[in-house]
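Given next are the chains, with one letter for each unit.
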Amino acid sequence: MSCVKWSSTYRLSYCVFLQTGAFNRVGSSEVLHSNVRLVCATNRSPVVEVAEGRFREDLYYRLNVIPVKLPPLRERAGDIILLAKHILKQKSESNAKLFHRFSKEVENLFCNYDWPGNIRELQNVIENIVVINEGEVVELDMLPSSFGVNSAIPIKNSSSSQSAEQIQTNSLMGVHDIEPLWQVEKRAIESAIAVCDDNIPLAAAYLGVSASTIYRKIKGWS
């Protein structure tokens with residue numbers, strides 16, 4: 001995102017290279033071509049950054065060819081132990097240790113921990129355990145003192161049943177209480193626009209749709 005501060009010449013050259021693969025060496029007028037694949041990563045929403053003016057829109061559309069969203073570790077409970085075992089094997093081999101598995105208590109804790117530092121935090125925790133301790137099985141008392149045991153939170157099961165209050169509310173509804181989908185959508189869009197101080201591009205970014213979609217729907221309501 002630092003490209004916002006570049007001179008117009010550098011910005012133009014960079015965008016041309018992304019678009020065509022063509023470039024010039026410094027001090028040369030010869031046009032060269034490169035066949036490269038550019039991979040970018042960010043922990044922010046590029047669409048929101050563009051809407052708020054912190055990232056160049058033309059650069060975003062040149063980069064946004066094949067977007068890949070990688071969910072945080074806390075949303076991939078099924079991968080946590082698989083990744084932890086792989087990291088444990090690597091760290092044990094590189095440090096000439098004998099660790100080869102985790103106790104059930106440690107596995108349960110790992111699966112219910114929020115992992116704010118994602119995989120990097122998981123790597124650091126396991127490396128700390130392997131370097132400082134000896135043994136074959138990772139036990140709870142081997143966890144580093146800095147590990148946020150008290151921050152562990154249960155991961156919600158997406159297939160859990162509705163609450164009794166929800167069930168009761170739904171049972172009292174009749175067909176005449178069902179709200180048309182377009183009205184639900186209209187209310188959601190209007191609320192988003194109001195929260196974003198009438199900034200429609202920003203509201204569209206948070207809603208996950210294009211600004212032109214919002215403008216088209218507003219026109220359809222009038």
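Computed from a prediction, not measured in an experiment: that's the story for all the values here. (Residues numbered from 1 in each chain as written. Predicted model: local features only at pLDDT ≥ 70, side-chain atom pairs only at ≥ 80, totals over all residues. Heavy atoms only, no water.)

1. Structural notes on the overall build of the chain
As a reminder, the rule being used: Helix and strand definitions here come from DSSP, where helices need a minimum of 4 consecutive H or I residues and strands a minimum of 2 consecutive E residues; each element is numbered from the N-terminal end. Throughout, a contact is declared for two residues whenever any of their heavy atoms are within 4.5 Å. Residue-level accessible areas treat just the shown protein chains as cover; the underlying method is Shrake-Rupley with a 1.4 Å probe.
Summing up its helical and strand segments, the chain has ten helices and four strands in all. A sequence separation of at least 24 residues applies to 60% of the contacts in the chain between residues at least 6 apart. As presented, the chain carries roughly 16,200 Å² of accessible surface, and 53% of it is formed by carbon and sulfur atoms.

2. Points about the packing of aromatic side chains
Condition: Two aromatic rings from Phe, Tyr or Trp, using only the six-membered ring of Trp, form a pair when their centres are within 6.5 Å; if the ring planes differ by under 30 degrees the pair is stacked, by over 60 it is edge-to-face, and anything between is tilted. Note on exposure labels: buried denotes an accessible area under 20% of the residue type's maximum, exposed denotes more than 50%, and partly exposed covers the range between, all computed with a 1.4 Å probe on protein chains only. Only Lys NZ and Arg CZ are tested; either one counts as a charge over a ring when it is within 6 Å of the ring centre and within 35 degrees of the ring normal.
Summed over the entire model, instances satisfying the criterion amount to four aromatic pairs. Seen from their ring centres, Y113 and W115 are 4.7 Å apart, and the 85° between their planes marks the pair as edge-to-face. Neither Y113 nor W115 differs from the other in exposure class; each is buried. Members of the aromatic cluster, joined through ring pairs, are F102, F110, Y113 and W115. The ring centre of W221 lies 5.4 Å from the NZ or CZ of K186, which sits over that ring.

3. Remarks on the pattern of salt bridges
Applicable threshold: Counted as salt bridges are all cases of a side-chain nitrogen of Lys or Arg within 4 Å of a carboxyl oxygen of Asp or Glu.
Enumeration according to the criterion identifies 13 salt bridges in this entry. When the shortest N-O distance is used, the salt bridge between R56 and D58 registers 2.6 Å. Its relative accessible area of 25% is what places R56 among the partly exposed residues. A relative accessible area of 29% places D58 in the partly exposed class. For E127, the salt bridge goes to K91, with nearest N and O atoms at 3.6 Å. Remark: K91 occurs in helix α4 (residues 77-94) and E127 occurs in helix α6 (residues 118-132); sequence separation between them is 36 residues. Classification of E127 as partly exposed rests on a relative accessible area of 33%. By relative accessible area, which is 19% here, K91 ends up buried.

4. Remarks on the packing of helix α9 (residues 200-207) against helix α10 (residues 211-221)
Going by this rule: Here an angle of 0 to 180 degrees is reported between the N-to-C directions of two axes, which are lines fitted to C-alpha atoms, with helices fitted over the stretch in contact. Any angle from 65 to 115 degrees is called roughly perpendicular, while one under 35 is roughly parallel, one over 145 is roughly antiparallel, and all others are oblique. For this scheme, ten residues count as nonpolar: Ala, Val, Leu, Ile, Met, Phe, Trp, Tyr, Cys and Pro. Four count as charged, namely Asp, Glu, Lys and Arg, and the remainder, Gly too, count as polar.
As a packed pair, α9 and α10 sit with axes 8 Å apart at the nearest point and diverge in direction by 110°. It follows from the interaxial angle that α9 and α10 lie roughly perpendicular. Residues I200, P201, A204 and L207 of α9 form the contact with α10, whose own contacting residues are A211, I214, Y215 and I218. Of the residues that constitute the contact of α9 with α10, the class distribution is eight nonpolar, no polar and no charged.

5. Digging into the environment of G21
With respect to the helices and strands, G21 occurs in the loop between α1 (8-20) and β1 (22-24). Residue G21 is classed as buried on the basis of its relative accessible area of 9%. The sequence separation of G21 and V36 amounts to 15 residues, and the corresponding C-alpha distance is 7.6 Å. Excluding its chain neighbours within four sequence positions, the residues that come into contact with G21 are V16, L32, H33 and S34.

6. Observations concerning the nonpolar core
Basically, it comes down to this: Side-chain atoms within 4.5 Å are what join buried Ala, Val, Leu, Ile, Met, Phe, Trp, Tyr and Cys residues into a set we call a nonpolar core.
Ranked by internal contacts, the top residues of the largest apolar core, which has 22 residues, are F102, F110, W115, L122, I126 and F147. Looking at this core, the elements with two or more residues in it are α4, α5 (104-112) and α6. When residues no more than four places from it in sequence are discounted, the contact partners of I126 are A84, I87, L88, K91 and F102. By size, the runner-up hydrophobic cluster in this structure holds eleven residues, among which are I200, L202, A205 and I214.

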